[in-house]
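Coordinates in review
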Amino acid sequence: MASVNKVIILGYLGKDPEIRHLESGRMRVQLTVATDDSYKTKEGTKINHTDWHDIVLWTPHAEIAAQYLSKGRQVYIEGKLNHRLYTDKDGNQKYITQIVGQQFVLLGSGKPKSQGVQVINHTPHNQSPKNKDMDELPL
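The structure presented is a predicted model; accordingly, all values stated were derived computationally and were not measured.

**Observations concerning the overall build of the protein**
For the protein, the count of helices and strands is two helices and seven strands. Order of helices (α) and strands (β) in the protein, N terminus to C terminus: β-β-β-β-α-β-β-β-α. Residues classed as buried in the protein amount to 30% of the 139 residues present. Here the analysis covers contacts within the protein between residues at least 6 apart in sequence; of these, 66% occur between residues at least 24 apart. Taken as a whole, the protein presents about 9,100 Å² of accessible surface, with 49% of it coming from carbon and sulfur.

This is the structure we're talking about:
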């Protein structure tokens, strides 16, 4: 039996992309994207709800995202859902769910940005080999 793992997100960046350059030379960009929904209660009160999604892009998509995306920019992303377990620097196990972006489209107008990106060089601490391999999986 076949299976499908596909996610589509259309939303706005909640903060500037976080960029990491891995030892292997690959680039990894992490995005936080907000999607909104609203509904009315039985009493007629409108309720707005925002969901926040953690998204990871790898080279070559990461290079484009790093150049053009910034807080507030609208983006369309297709990818797959990824769950993983890791140990943080304090030794606590954490379980996270991310969307690994496989395609994305920049929406609205925009020019390459000259500032506002947080660049982080990858220096793993207390990562198991499995977690390090996970960070270096191809798109």
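**Section: unusual backbone geometry**
In this structure, the amide linkage connecting Thr59 to the following residue, Pro60, adopts the cis form with an omega of 5 degrees. Within the fold, Pro60 resides in the loop between strand 4 (46-58) and helix 1 (61-68).

**A word on the pattern of salt bridges**
Between side chains of opposite charge, pairing is possible as soon as their charged atoms come close. In total, this model carries three salt bridges according to the counting rule given. Between Lys6 and Glu78 there is a salt bridge, and its shortest N-O distance comes to 2.9 Å. Here Lys6 is found in the segment before strand 1 (7-13), whereas its partner Glu78 is found in strand 5 (residues 74-87), with 72 residues between them in sequence. Its salt-bridge partner being Asp88, residue Lys94 comes within 4.0 Å of it at the nearest N-O pair. Taking the relative accessible area as the measure of exposure, Lys94 reaches 36% and is therefore partly exposed.

Rules behind the numbers
Residues numbered from 1 in each chain as written. Predicted model: local features only at pLDDT ≥ 70, side-chain atom pairs only at ≥ 80, totals over all residues. Heavy atoms only, no water. Helix = DSSP H or I, 4+ residues; strand = E, 2+ residues; numbered from the N terminus. Buried < 20%, exposed > 50% of the residue type's maximum accessible area, 1.4 Å probe, protein only. Contact = heavy atoms within 4.5 Å. Areas by Shrake-Rupley, 256 points an atom, 1.4 Å probe, with all protein chains shown as cover. Salt bridge = Lys/Arg side-chain N within 4 Å of Asp/Glu carboxyl O.

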